[in-house]
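Letter by letter, the chains look like this.
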Amino acid sequence: MAKPSSADGRTRSSVQIFIVVGLCCFFYILGAWQRSGFGKGDSIALEITKTKAECNIVPNLSFDSHHGGEVSEIDEADSKPKVFEPCAARYTDYTPCQDQKRAMTFPRENMVYRERHCPPEEEKLRCMIPAPKGYVTPFPWPKSRDYVPYANAPYKSLTVEKAIQNWIQYEGNVFKFPGGGTQFPQGADKYIDQIASVIPITNGTVRTALDTGCGVASWGAYLWSRNVVAMSFAPRDNHEAQVQFALERGVPAIIGVLGSIKLPYPSRAFDMAHCSRCLIPWGANNGIYMMEVDRVLRPGGYWVLSGPPINWKANYKSWLRPKEELEEEQRKIEEIAKQLCWEKRSEKAEMAIWQKVVDSESCRRRQDDSSVEFCQSSDADDVWYKKMETCITPTPKVTGGNLKPFPSRLYAIPPRIASGSVPGVSSETYQDDNKKWKKHVNAYKKTNRLLDSGRYRNIMDMNSGLGSFAAAIHSSNLWVMNVVPTIAEMNTLGVIYERGLIGIYHDWCEAFSTYPRTYDLIHAHGVFSLYKDKCNAEDILLEMDRILRPEGAVIFRDEVDVLIKVKKIVGGMRWDTKMVDHEDGPLVPEKVLVAVKQYWVTNSTSTQ
């Protein structure tokens, strides 16, 4: 028998190497495909992290030579992080401040029971909310607008209850959203065309919109292609997962209700407000709900109401309601609109559109109705847990000029700044802030090259300042929920809306009004310095973990000593972390901590 030649050995070695490389490439591509959101939904999704290769795009950094203090004081005996256990499987969709069981203990009058009711300190869960079995990365936008994986929100009730209205359909392992709604079963695009025949939504003058009682937010989803960004909200009620579906689709939304508490938005924020059969009794309580819409509506803004009682004469039979009741309901709405100095621009079919006049003060001075009361509060933006009032919010004289159409208004000097309404912020400091955040975001993109790839659609800025992070990262692929903490030194949310961005007030000592796993990327600048001694850092980090998707990312920017404490806590939370120097070099005490939440799903044996 002839001995194998060295050439044969080299050939076999080459073949073996080729096979190994080929298998590696195959599993890499398979893993990438699994992570993309396409075709997932079987047991393979549960194996994502078992053979995960680590790609260290961010180097480990040593701070010992540059900073003393706590860096050098860490004792090895104390360096082991506390391990946070998973919560029980029943908490996969837990919303702490809108918990159904707690809600039922509050009055139903004026929807009080659907408002925020957060657990007391002793009842807070201090475990990690698990993802449901089979959870997968959502489809990238724009496919996510129309399709949501069933495993991510496995609730079929809406497919039955709203079947003839084309809200949602179940097809195999995905939900399909045809774009329909109760008032627009033929699709949101045609419905928006009807609105656009009255309201100029194509030239950039209408940029921000508010959708009250949004359902699955198809109106907001279809406005996106027209460069209008809608803040949608709906209560957590017996229609399972309305807001959860909206966020899975990649549409801005929160759990919320127009009840007894003021909406968590500043005055004069929205260019357009909308109600499509949202079941809000607009004429009730002396018009208090319309007065709250008036507060958040910009002078010159529009209010769209479709459904009952509009055109009641033609529709009362199909609505199965007495015509006298509907007639009185519309009469009240018309009366309150007149008090608010809204001018009706259109009433056609089942839709009416009013416009808030620009100079409402002179309009109201001409009115003879002495029953019209103006709100006495000196701050129309002081709204956190404040009761709504039956009064009209005065429109202040703003001398900073008119808003420019979007996208020009993104970097134009906002009127609130130009008029000096934000203490300590001038046009110069505003421009400097924009330059700084453009620099920061460029550095982020070098660290995480997926930042504007479509991988991250729903982004949250936990301490947004003037909104310059959101402006710098602005893209048609993503949107940013700009959060202005209630304890922030400056109230800047009005400026953010004047830039054509959206946001909300919030106190990070409490849970956010959203479902778990609804944000792809969280930006936390100075949050833990701001809340030092205010509440427990562990609670804030567990809330971040709750709202962050598996394999979602977090960017912390703070003082190095603060980030070292944060890094230690998240060491027990199934997050992978890397510390990064400030882009200006290692001598700057502000650092960046980048984290990625690992993929893991519920274990039915969890008992917490």
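An unreviewed UniProt entry lists the chain under the name Methyltransferase, with Glycine max given as the organism. Comment text from UniProt for the chain, heading Sequence similarities (unreviewed entry), reads "Belongs to the methyltransferase superfamily."

With a probe scaled to a water molecule rolled over the atoms, the places where space remains empty come into view. In this structure, the second largest pocket occupies an estimated 900 Å³ of space. As for the second largest pocket, its lining consists of 48 residues, and the residues nearest its centre are Gly213, Arg277, Cys278, Leu279 and Ile280. Every element with two or more residues in the lining of the second largest pocket is listed here: strand 4 (208-212), helix 7 (218-223), strand 5 (229-234), strand 7 (270-276) and helix 11 (323-339). For the lining of the second largest pocket, the element with the highest residue contribution is helix 11, accounting for four residues. Across the lining of the second largest pocket, the residue classes tally to 25 nonpolar, 14 polar and nine charged.

Moving on to the environment of Gln183. Within the secondary structure, Gln183 is located in the loop between strand 3 (174-176) and helix 6 (188-196). Note on Gln183: relative accessible area 14%, which makes it buried. Here Gln183 is in contact with Tyr191, Ser276, Arg277, Ser306, Gly307, Pro308 and Glu350, once residues within four sequence places are set aside. A polar contact is formed between the side chain of Gln183 and the side chain of Glu350, at a distance of 2.7 Å.

All right, on to helix 8 (residues 242-249) then. Of all the eight residues making up helix 8, eight are buried; the element is thus mostly covered by neighbouring parts of the structure. Within the span of helix 8, buried status applies to Gln242, Val243, Gln244, Phe245, Ala246, Leu247, Glu248 and Arg249. The positive-phi residue at the C-terminal boundary of helix 8 is Gly250, with phi of around 90°.

Side chains of a nonpolar character, in soluble globular proteins, are inclined to be buried together. By size, the foremost hydrophobic cluster in this structure holds 134 residues, and its most contacted members are Tyr265, Met272, Trp282, Met544 and Phe556. Considering every element that reaches this core, the biggest residue donor is helix 19 (residues 560-570), with seven residues. Each of domain 1 (179-366) and domain 2 (415-597) gives at least three residues to this core. Counting residues in hydrophobic clusters, the runner-up holds 10 residues, among them Ala153, Trp167, Ile168 and Phe245.

About the thresholds
- Residues numbered from 1 in each chain as written.
- Predicted model: local features only at pLDDT ≥ 70, side-chain atom pairs only at ≥ 80, totals over all residues.
- Heavy atoms only, no water.
- UniProt positions renumbered as here; feature names shortened; annotations may be inferred.
- 1 Å grid on protein atoms, 1.4 Å probe; cavity = no way out; pocket = protein on both sides within 12 Å on 5 of 7 lines; lining within 4 Å.
- Points joined across faces, edges and corners; volume = space filled by probe spheres on them.
- Helix = DSSP H or I, 4+ residues; strand = E, 2+ residues; numbered from the N terminus.
- Nonpolar A, V, L, I, M, F, W, Y, C, P; charged D, E, K, R; others polar.
- Buried < 20%, exposed > 50% of the residue type's maximum accessible area, 1.4 Å probe, protein only.
- Contact = heavy atoms within 4.5 Å.
- Polar contact = N/O pair within 3.5 Å; in protein donor to acceptor, adjacent residues only side chain to side chain.
- Core = buried A, V, L, I, M, F, W, Y, C linked by side-chain atoms within 4.5 Å.
- Domains from an automatic or database assignment.

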